Amino acid sequence: MHIEPGIVTGAKLVLSYATGIAAGGVALKLAAETVRTQGVGSFATRTLATTGLVFTFFQVLPHFPVGVSELHFILGSTLFLLFGAAPAAFGLAFGLLLQGVLFVPTDLPQYAMNVTTLLVPLFAIQELATRIIPRNTAYVDLQYRQALALSTAYQSGIVAWVAFWALYGSGFGATNLTNIAAFAGSYALVIVIEPLADLAVLALAKSLRGVTAPGLVTPRLHNGA
């Protein structure tokens, strides 16, 4: 989901700063709520864990340039289900920043765009989860259709934001539209694989019910709301 350098440039970058700040504000609000209800230690530990995982997902797992962006296995819904929305949001932001600073400094001008692209779909699946998952259902007891709905919503949000930035920056020319279509098509593979990853991770978490130390995962993982 890294927007390729040169697609959005100049004064048009100002919009990305605004959306990035707005997404950061939502993340801070979620963080404050998490710290109030679950403690700063739990929030910090989960944020550190998600940052390390996101950095690994982006830098170590296979990733390929496709059209206007790159094909990545982000596993955003997995991070949400394991660690909660606020730690996942901060982990995505910090992991992306760490990768840019250490390995891909050419991505840093696009950082606000990429953060927006990652975080807004995360906030959307948090809202979706409240609608499709009964309050008395722990995340380890999700069904495939529920995991598929969350993962599909997250990846669809990624594709929508990437398409928006590409159209905003480079217009509706045939080449740009072709590149957007190539990127969107490539994510069909991600939408197939990520729900399976969700279920595999949740199955492992379910087997560790009662073993996982309190504070290392979101309380909703093993308990209903």
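Visitor: Looking at this structure, I do not really get the overall build of the protein chain. What am I missing?
Guide: Looking only at helices and strands, the protein chain features 7 helices and 2 strands. Counting helices and strands in the order they occur from the N terminus, the protein chain gives α-α-β-β-α-α-α-α-α. Taken over C-alpha atoms, the radius of gyration comes to 17 Å for the protein chain, in line with the 17 Å a tight globule of 225 residues would show. Structurally, the protein chain occupies a C-alpha span of about 55 × 30 × 30 Å along its principal axes. Expressed as a percentage of its 225 residues, the buried residues of the protein chain come to 47%. Sequence-distant contacts, at least 24 apart, represent 81% of the contacts inside the protein chain between residues at least 6 apart. Of the roughly 9900 Å² that the protein chain leaves accessible, carbon and sulfur atoms contribute 71%. Each charge sign in the protein chain was given a centre, from 10 positive and 8 negative side chains, and these centres are 14 Å apart.

Visitor: It is not clear to me how the packing of aromatic side chains should be interpreted in this structure. Could you clarify?
Guide: For any pair of aromatic rings, geometry is given as the distance between the ring centres together with the angle between the planes. Applying the stated criterion to the full structure yields 10 aromatic pairs. When the centroid spacing of 5.1 Å and the interplanar angle of 65° are considered together, the rings of F164 and W165 count as edge-to-face. On the accessibility criterion, F164 (36% relative accessible area) is partly exposed. Residues W165 and Y168 carry aromatic rings whose centres are separated by 6.1 Å and whose planes lie at 70° to one another, so their mutual orientation is edge-to-face. Here the residue W165 and the residue Y168 both occupy positions in helix α6 (residues 144–170), the gap between them amounting to 3 residues, near one helical turn. Accessibility expressed as a relative area gives 25% for Y168, which makes it partly exposed. Here the aromatic residues W161, F164, W165 and Y168 are joined through ring pairs into a cluster of three or more. Lying across the ring of Y168, K12 places its NZ or CZ 5.5 Å from the centre.

Visitor: What should I look at first to understand the packing of helix α3 (residues 76–83) against helix α7 (residues 174–207) in this one?
Guide: When two helices pack together, their arrangement is given by the angle between the helix axes and the distance between those axes. One can describe the packing of α3 onto α7 by two numbers: an axis separation of 9 Å at closest approach and a directional angle of 25°. As summarised for this structure, α3 and α7 are arranged roughly parallel, according to the angle between their axes. α3 and α7 meet at a crossing whose hand is right-handed. Taken together, the residues of α7 that come into contact with α3 (itself represented by G76, S77, T78, L81 and L82) are E194, A197, D198, V201 and L202. Grouping the constituent residues of the contact of α3 with α7 by class yields 5 nonpolar, 3 polar and 2 charged.

Visitor: Can you help me understand the environment of T175 in this one?
Guide: Tracing the backbone through its elements, the reader meets T175 in helix α7. Between the C-alpha atom of T175 and that of A112, which follows or precedes it by 63 residues, the distance is 25 Å.

Visitor: Explanation requested: the packing of helix α4 (residues 85–102) against helix α5 (residues 111–132) in the structure shown.
Guide: Closest axis-to-axis distance for the α4/α5 pair is 10 Å, and the angle between their directions is 160°. Comparing their axes, α5 and α4 come out roughly antiparallel. Regarding α4 and α5, the two cross each other, and that crossing is right-handed. For the pair formed by α4 and α5, the contact residues are A85, A88, A89, L92, A93, F94, L96 and L97 on the first element and Y111, N114, V115, L118, L119, L122, F123 and Q126 on the second. In terms of residue class, the contact of α4 with α5 is made up of 14 nonpolar, 2 polar and no charged.

Visitor: What should I look at first to understand the side chain of T218 in this one?
Guide: Tracing the backbone through its elements, the reader meets T218 in the segment after α7. Discounting chain neighbours no more than four positions away, the residues touching T218 are R46, F80, L81, L82, F83, G84 and Y139.

Procedures and definitions
- Residues numbered from 1 in each chain as written.
- Predicted model: local features only at pLDDT ≥ 70, side-chain atom pairs only at ≥ 80, totals over all residues.
- Heavy atoms only, no water.
- Helix = DSSP H or I, 4+ residues; strand = E, 2+ residues; numbered from the N terminus.
- Rg over C-alpha atoms; globule rule 2.2 N^0.38 Å.
- Buried < 20%, exposed > 50% of the residue type's maximum accessible area, 1.4 Å probe, protein only.
- Contact = heavy atoms within 4.5 Å.
- Areas by Shrake-Rupley, 256 points an atom, 1.4 Å probe, with all protein chains shown as cover.
- Lys, Arg positive; Asp, Glu negative; His and termini not counted.
- Charge placed at Lys NZ, Arg CZ, Asp CG, Glu CD.
- Phe/Tyr/Trp six-rings, centres within 6.5 Å; stacked < 30°, edge-to-face > 60°.
- Lys NZ or Arg CZ within 6 Å of the ring centre and 35° of its normal.
- Axes fitted to C-alpha atoms, helices over the stretch in contact; angles between N-to-C directions.
- Parallel < 35°, antiparallel > 145°, perpendicular 65-115°, else oblique.
- Left-handed = near helix turned anticlockwise from the far one by under 90°.
- Nonpolar A, V, L, I, M, F, W, Y, C, P; charged D, E, K, R; others polar.

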